[in-house]
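# Residue-level structural notes
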Amino acid sequence: MSYTSLAIAGIDRCDSWRAAMADAFGPFEVQPRDRHFTGQLRYQRRAGLQFNDLHYAGQNIERTRGNASCLSEEFYTFGMPVSGPLSVERRGESFDVAPGCVYLMNQGLPYKALAHGESGFRSLSISIPSSALLLRSRNLPSFCKMDLAGSLKGSMLRTYFSQIFDNLDSWRDDELSAMCEQFIDLVSMFLLRDEQGQASETDSSVSVAHRTRILAYIRLHLSDPGLDAEDIAQGCGISTRYLYKILGKVGISVEATIFEQRLLKCRDMLASPTERAHGIAELCYRCGFRQAAHFSRMFKARYGETPREFRARTLQP
């Protein structure tokens, strides 16, 4: 599966770069800073996530409050900087990310970013829907990072991340989906738990483990249009009441979780060249939607464009 890839150089191409960034990450303001203005972007959508290789210089990037309100979904970026540093300002606070660390950042909040260094800022990253993180951790910080030097946890995150990212085209879809689930578990365990301190009784290790199993079961059975709370509870070996309690702790209903996972799976399939020969209606039925028209309306409401528009944009030559 190939990446969506482009390289842009020169201030006169600022509008094209802004549009490319918006296609990949949602709207940004781009302000050229000097004659070294350049940008390179490669990204691929699979397994409900987006894998990015972003490199830019000679510009300031800003996500305004208006930009943030236009996002079709809230997501976080888990990044591993390759060059930099990058200075980020948000809500009166500032922080830097640079080679030698990994970071997790909420992309749904306003911020400004300034790339330093002769070669600008480059980061390999994975875009993770907030909903996937909320299933594992109740309270999500807007930003956290971990220095890799001398850190066993950081080393594990970097190694697992690199194995997924460097061999992305080698993994089958089912393999990649399972590995990404495990990776998000590691991010939650090593970054979010350390940020929040010891888990509270309402967000215990048992609760986190159950939420992970619930999400895995839902994804495995998305093709069943009759999938409901009783099926999930029985499949996970818990009561229906306990299922609602587990998801209720993070403010997500069972029905909303199923619906969200169906939309994510459909979006992933629509962006896949291997599914190009299959019609949109067939794909939505395979994900458990009963009516193609209803799916199209919900997809547009969620992502701001129709399934046909999304597919045409992501699969363009």
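Report follows, based on the coordinates. Starting afresh in each chain, residues are numbered from 1 along the sequence in its written order. Thresholds applied to this predicted model are a pLDDT of at least 70 for local features of residues and 80 or more for the giving and counting of side-chain atom pairs; totals over whole chains, interfaces and linings are not thresholded and use all residues. Only hydrogens and water are removed before side-chain values are computed, so all heavy atoms of the structure are retained for them.

## Some thoughts on the sheet that holds strand 11 (residues 121–129)
Strands pair, by our definition, only if DSSP identifies at least two bridges between them. A run of H or I in DSSP becomes a helix once it reaches four residues, and a run of E becomes a strand once it reaches two; helices and strands are each numbered from the N terminus. Pairing is antiparallel across the open sheet formed by seven strands, whose spatial order is 1-3-4-11-6-9-12. This sheet does not close on itself; its edge strands, each paired only once, are strand 1 (4–9) and strand 12 (143–147). Averaged over all adjacent pairs, the angle separating strand axes in this sheet is 15 degrees, with direction ignored. Bridging between strand 4 (residues 49–57) and strand 11 involves seven bridges; their strand directions are antiparallel. Counterpart to tyrosine 56 in the pairing with strand 11 is phenylalanine 121. Axis angles are defined between N-to-C directions and span 0 to 180 degrees, where every axis is a line fitted to C-alpha atoms and, for a helix, only to the segment in contact.

## Regarding the pattern of salt bridges
One side-chain nitrogen of Lys or Arg within 4 Å of one carboxyl oxygen of Asp or Glu is enough to make a salt bridge. Applying the stated rule across the entire model yields nine salt bridges. Between arginine 286 and glutamate 282 there is a salt bridge whose closest N-O contact spans 3.8 Å. Within this pair, arginine 286 and its partner glutamate 282 are both found in helix 10 (residues 280–286), separated by four residues, close to a single helical turn. Each of Asp23, Glu305 and Arg313 takes part in a single network of salt bridges with overlapping partners.

## With respect to helix 7 (residues 229–236)
Those residues of helix 7 lying buried are Ala229, Ile232, Ala233 and Cys236. Along the axis of helix 7, the buried positions cluster into a sector of 95 degrees, meaning they face one direction only. Helix 7 presents Glu230 and Gln234 as exposed residues on the side facing more than 90 degrees away from its buried surface. Buried means the residue's accessible area, taken with a 1.4 Å probe over protein chains only, is under 20% of the maximum for its type, while exposed means over 50%, and partly exposed covers the values in between. Think of it as the arc spanned by the lines of direction from the helix axis to the C-beta atoms.

## Overview of the sheet that holds strand 8 (residues 93–97)
With respect to topology, five strands assemble into an open sheet ordered 2-5-10-7-8, the strand pairing being antiparallel. With partners counted over all chains shown, the strands left at the sheet margins are strand 2 (29–32) and strand 8, one partner each. Each strand axis lies, on average, 20 degrees off the axis of its neighbour in the sheet, ignoring direction. By the bridge criterion, five bridges tie strand 7 (residues 86–90) to strand 8 in an arrangement that is antiparallel. By the bridge assignment for strand 8, glutamate 89 is matched with serine 94. Each of strand 2 and strand 5 (59–63) is contacted by helix 1 (residues 14–25), which is oriented at about 150 degrees to strand 2, the strand it contacts most. We call two residues in contact whenever any of their non-hydrogen atoms come within 4.5 Å of each other.

## Let's talk about helix 12 (residues 307–314)
Those residues of helix 12 that sit buried are Pro307, Phe310, Arg311 and Thr314. Each buried residue of helix 12 lies within a common arc of 95 degrees when the element is viewed along its axis, so the set occupies one face. Relative to its buried face, helix 12 has exposed residues pointing more than 90 degrees away, namely Arg308 and Ala312. Of the surrounding elements, those touching the buried residues of helix 12 are strand 1, strand 3 (38–46), helix 9 (254–270), helix 10 and helix 11 (292–303).

## Quick notes on the packing of aromatic side chains
Any pair of aromatic rings gets described here by the distance separating the centres and the angle formed by the planes. Aromatic pairs are defined between Phe, Tyr and Trp rings, using the six-membered ring for Trp, whenever the two ring centres lie within 6.5 Å; interplanar angles under 30 degrees are classed as stacked, those over 60 as edge-to-face, and all others as tilted. Scanning all chains against the criterion turns up 13 aromatic pairs. Ring centres 6.0 Å apart and planes at 80 degrees place the aromatic pair phenylalanine 259 and phenylalanine 289 in the edge-to-face group. Of this pair, phenylalanine 259 sits in helix 9 while phenylalanine 289 sits in the loop between helix 10 and helix 11; the two residues are 30 residues apart in sequence, bridging distant segments of the chain. Owing to a relative accessible area of 8%, phenylalanine 289 belongs among the buried residues under this scheme. With a centroid separation of 5.0 Å and 50 degrees between ring planes, the pair formed by phenylalanine 289 and phenylalanine 295 is classed as tilted. Note on accessibility: phenylalanine 289 and phenylalanine 295 belong to one class, buried. By way of ring pairs, the aromatic residues Phe51, Phe78, Tyr160, Phe161, Phe165 and Phe183 are connected into one cluster. Between the NZ or CZ atom of arginine 63 and the centre of the ring of phenylalanine 28, over which it lies, the distance is 3.9 Å. In this analysis the charged atom, NZ for Lys or CZ for Arg, is taken to sit over a ring once it is within 6 Å of the ring centre and within 35 degrees of the ring normal.

Note that every value here comes from positions in space, so none of it alone points to a role or purpose.
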